[in-house]
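Overview (structure and organization)
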Amino acid sequence: MPTVDDVLKQVGEFGWFQKQAFLTLCLLSAALAPIYVGIVFLGFTPDHHCRSPGVAELSRRCGWSRAEELNYTVPGPGAAGDAFARQCRRYEVDWNQSALGCVDPLAGLAANGSHLPLGPCEDGWVYDTPGSSIVTEFNLVCANSWMLDLFQSSVNVGFFVGSVGIGYVADRFGRKLCLFVTILINATSGVLMAISPTYTWMLIFRLIQGLVSKAGWLISYILITEFVGPSYRRTVGIFYQVAFTVGLLVLAGVAYALPHWRWLQFTVTLPNFCFLLYYWCIPESPRWLISQNKNAKAMRIIRHIAKKNGKPLPASLQSLRPDEEVNEKLDPSFLDLVRTPQIRKRTLILMYNWFTSSVLYQGLIMHMGLAGDNIYLDFFYSALVEFPAAFIIIFTIDRVGRRYPWAASNILAGAACLASAFIPDDLQWLKMTVACLGRMGITMAFEIVCLVNAELFPTFIRNLGVLVCSSMCDIGGIIAPFLVYRLTDVWLELPLVVFAVVGLVAGGLVLLLPETKGEALPETIEEAENMQRPRKNKEKMIYLQVKKLDVPLD
């Protein structure tokens, strides 16, 4: 009895049907970008200072320029150029008193402005920006700056919970139904976030978006990989992630055209309602239908694929069986991931690499939003380097292997972060170039870990291994905002130094993993434990095999 893969080889592994489905579902991949890294524009923090009643009137009366008003009425930077005093403190002065002059109005109150008492910003802040962000609208600065970290962490909490639960839901109720439920909830919560009257409501709707958006992205990824034949599966998976990069480029353009966060959020959410029309374009996965013993429905979809691809359906095809049939059903356990030494080592290294990829990828984007000169151009240029990253992967993983490109990409990202931290600000072009190299490196590492994770575990714990290890990606996303925004308060480049250490360690650990190029997927724990790695082990294994063959001859 043929499998779905056997049939796809005859009716088309990547024919017109698969191309149409791929291009359609790639739009869903692109739509995840505003949710994953939209914090760069939604949470942009412009230069700001305390609002002091009476200052605006005094400035108009005296005819001050913007620079003069700031020089006369706003405290200077603190020790070592610390911006806290300038942004989060104000002079305790009644600016409405008539005794204040127009030339150095504070001179009559104290011989030195540093001797004047400072107080908190009780009347809000003035922001130096023509647009708006959640920071400027809800005053997420100074004592409330942690609320911006929480905003981004909440969406990653949603990613974590949603990704953990989506495997069961999609396997229980089907890919198609689950996909469209997530699209509907994502679109609705996105619009409600755009009109949220308070920070609390905005946080709730962002959390809901996180719960369903990445889950929908994963279901879409599963669908397209189940529609195409095995020869195209890896390439399709990589280009599905390239579509996410296209979403980053579009996001930069839309954010530039719409500098107000509510309009930006509304605009990037609207396409999700259009995706509901996919219900009439995208069928259910025939693999899932077969796993649920719905062979008749699966056969109808197979015939539809054959018709779309212009290929005849073999007359001998009467029924299908799943691609994997297990004679003895094994119940996977979390203990299986740490019970044996080699699998335990792989689990820990993969968990760390998922964590590293997420922290560096999101962290570099958020840090760029704080340190860049032109946030829109910097975001656009750094996103462009993700395209060569994808092509390098395609041309190296089946020629050079997985391990060395993966290790090199992590080391490149770490080294670029370390170099960028110490490049002077007046060499901005060099700083940007090195930052783009780091972005390319961590993008490669992110995409390779997605491919290799499943190749290192035996069949019966493969899904569990991928789920547990990739969950560290979302843990990294939860930590990244606090890591970036809090460490920059100490030193603007300190997050880059931390990223460098984390990335270099990840590159070294990858070299401890076995190479999977050209290797069959391990079926049992014994096969996984004996996967060849260094040449020495390989020679030893050949010797043991010869010895074993000699035994029956005695």
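- Within an unreviewed UniProt entry, the label attached to the protein reads Major facilitator superfamily (MFS) profile domain-containing protein, and the organism entered is Prolemur simus.
- Turning to the protein, the UniProt annotation filed under Sequence similarities (unreviewed entry) states: "Belongs to the major facilitator (TC 2.A.1) superfamily. Organic cation transporter (TC 2.A.1.19) family."

With respect to the overall build of the protein
- Each helix and strand in the protein was counted, giving 25 helices and four strands.
- With 554 residues in all, the protein has 51% of them scored as buried.
- In the protein, 81% of the contacts between residues at least 6 apart in sequence involve partners at least 24 apart.
- For the protein, the exposed area adds up to about 26000 Å²; of that, 63% sits on carbon and sulfur atoms.

A few points about the packing of aromatic side chains
- A full pass over the atoms with the stated rule returns 25 aromatic pairs.
- On the basis of an interplanar angle of 55° and a centroid distance of 5.0 Å, the ring pair of Trp64 and Tyr72 is categorised as tilted. There is no split in this pair, since Trp64 and Tyr72 are both buried.
- Through a chain of ring-to-ring contacts, the aromatic side chains of Tyr36, Phe159, Phe244, Trp354, Tyr361 and Phe446 assemble into a single cluster.
- The ring centre of Tyr279 lies 4.3 Å from the NZ or CZ of Lys176, which sits over that ring.
- Note that Arg403 overlies the ring of Tyr404, its terminal NZ or CZ placed 5.1 Å from the centroid.

Section: the pattern of salt bridges
- Evaluated as defined, the whole model comprises 15 salt bridges.
- A salt bridge links Arg90 to Glu122; the shortest N-O distance between them is 3.7 Å. Highlighted residues: Arg90 in strand E2 (residues 90–91) and Glu122 in the loop between strand E3 (118–119) and strand E4 (125–127), separated in sequence by 32 residues.
- Judged by its relative accessible area of 10%, Arg90 is buried.
- Notably, a salt bridge pairs Glu226 with Arg175, separated by 2.9 Å at the nearest N-O pair. Of this pair, Glu226 sits in helix H11 (residues 199–227) while Arg175 is found in helix H10 (residues 175–194), placing the two residues 51 residues apart along the sequence.

Remarks on the packing of helix H19 (residues 386–396) against helix H21 (residues 428–452)
- Closest axis-to-axis distance for the H19/H21 pair is 9 Å, and the angle between their directions is 45°. By the angle class used here, H19 and H21 are oblique. Regarding H19 and H21, the two cross each other, and that crossing is right-handed. From H19, Glu386, Pro388, Ala389, Ala390, Ile392 and Ile393 reach across to H21, where they touch Arg439, Met440, Thr443, Met444, Glu447, Ile448 and Leu451.

So, the nonpolar core
- Residues Leu25, Tyr36, Ile134, Tyr361, Phe379 and Trp406 are the most contacted members of the largest nonpolar core, which totals 136 residues.
- Among the elements that take part in this core, helix H17 (residues 341–371) stands out by supplying twelve residues, more than any other.
- Among residues more than four places away in sequence, those in contact with Tyr36 are Gln152, Phe159, Phe244, Ser358, Tyr361, Gln362, Phe446 and Cys473.
- If you look at the next biggest cluster of nonpolar residues, it comprises eleven residues, including Val55, Trp64, Tyr91 and Trp95.

Section: a nonpolar patch on the surface
- Together, Leu370, Leu418, Phe422, Val490, Trp491 and Leu492 line one region of the surface with nonpolar side chains, adding up to about 560 Å² of accessible area.
- Along the chain, Leu492 turns up in the loop between helix H22 (462–490) and helix H23 (494–510).
- Here Leu492 falls in the partly exposed class, since its relative accessible area comes to 35%.

Regarding the environment of Leu384
- Counting through the fold element by element, Leu384 comes out in helix H18 (residues 375–384).
- A relative accessible area of 33% means that Leu384 is categorised as partly exposed.
- For the pair formed by Leu384 and Thr245, sequence separation is 139 residues and the distance between their alpha carbons is 7.7 Å.

Overview of the state of the cysteines
- Under the definition given, this model contains three disulfides.
- Note on cysteine connectivity: Cys50 is disulfide-linked to Cys121, with sulfurs 1.6 Å apart. Of this pair, Cys50 sits in strand E1 (residues 48–50) while Cys121 sits in the loop between E3 and E4, and the two are 71 residues apart along the sequence. The pair formed by Cys50 and Cys121 is uniform in burial state, with each residue classed as buried.
- For Cys62, the disulfide goes to Cys102, at an S-S distance of 2.0 Å. Residues Cys62 and Cys102 share a disulfide whose torsion about the S-S bond is about -75°; that sign makes it left-handed. Of this pair, Cys62 sits in helix H5 (residues 55–62) while Cys102 sits in the loop between E2 and E3, placing them 40 residues apart in sequence.
- What connects to what in the protein, once the bonded cysteines are numbered by sequence position, is 1-5, 2-4, 3-6.

Overview of unusual backbone geometry
- Not every positive phi belongs to a glycine, and Asn139 is a case in point at roughly 55°.
- A positive phi angle, near 60°, is found at Asn293, a position not held by glycine.
- Position of Asn293 among the secondary structure elements: in the loop between helix H15 (286–291) and helix H16 (295–309).
- Here Asn293 falls in the exposed class, since its relative accessible area comes to 70%.

Digging into the packing of helix H2 (residues 16–31) against H11
- Put simply, H2 and H11 touch, their axes get as near as 10 Å, and they point 165° apart. With respect to H11, the axis of H2 lies roughly antiparallel. Crossing of H2 against H11: the hand is left-handed. Where H2 approaches H11, its residues Phe17, Gln18, Ala21, Phe22, Leu25, Leu28 and Ser29 are matched on the opposing element by Trp217, Ser220, Leu223, Ile224 and Phe227.
- The residue makeup of the contact of H2 with H11, split by class, is nine nonpolar, three polar and no charged.

Parameters at a glance
- Counting restarts for each chain, with residues numbered from 1 along the sequence as it is written.
- At least 70 in pLDDT is required for a residue's local features to be given in this predicted model, at least 80 for side-chain atom pairs to be given and counted, and no such filter applies to totals for whole chains, interfaces and linings, which use all residues.
- Side-chain figures throughout are based on the complete set of non-hydrogen atoms in the structure, without hydrogens or water.
- UniProt positions are given in the numbering used here, feature names are shortened, and annotations may be inferred rather than shown by experiment.
- Secondary structure follows DSSP: runs of H or I at least 4 residues long count as helices, runs of E at least 2 residues long count as strands, and numbering of each begins at the N terminus.
- Residue exposure (1.4 Å probe, protein chains only): buried if accessible area is under 20% of the type maximum, exposed if over 50%, otherwise partly exposed.
- Residue contacts are defined here by distance: any two heavy atoms, one from each residue, within 4.5 Å place the two residues in contact.
- For the accessible areas, the method is Shrake-Rupley and the probe is 1.4 Å, while residue cover comes only from the protein chains on display.
- Pairs were defined over the aromatic rings of Phe, Tyr and Trp, the Trp ring being its six-membered one, requiring ring centres within 6.5 Å. Orientation was assigned from the angle between planes: stacked under 30 degrees, edge-to-face over 60, tilted for the rest.
- By the criterion adopted, a ring carries a charge over it if an Arg CZ or a Lys NZ lies within 6 Å of its centre and within 35 degrees of its normal.
- Salt bridges, as used here, are contacts in which a Lys or Arg side-chain nitrogen is within 4 Å of a carboxyl oxygen on Asp or Glu.
- Here an axis means a line fitted to C-alpha atoms, over the contact stretch when the element is a helix, while the angle between two N-to-C directions is reported on a 0 to 180 degree scale.
- The scheme is simple: roughly parallel for angles under 35 degrees, roughly antiparallel for over 145, roughly perpendicular for 65 to 115, oblique for anything else.
- It is the rotation of the near helix from the far one that decides the hand of a crossing: anticlockwise by less than a right angle makes it left-handed, clockwise makes it right-handed.
- For the purposes of this section, nonpolar cores are sets of buried Ala, Val, Leu, Ile, Met, Phe, Trp, Tyr and Cys residues that join through side-chain atoms within 4.5 Å.
- Exposure above 30% relative accessible area and the absence of a salt bridge qualify a residue for a patch, where like charges join within 9 Å and nonpolar side chains (Val, Leu, Ile, Met, Phe, Trp, Tyr) within 5 Å.
- Two cysteine sulfur atoms form a disulfide, by the criterion used here, when they sit within 2.5 Å.
- Under the scheme applied, nonpolar residues are Ala, Val, Leu, Ile, Met, Phe, Trp, Tyr, Cys and Pro; charged residues are Asp, Glu, Lys and Arg; polar residues are all the others, including Gly.

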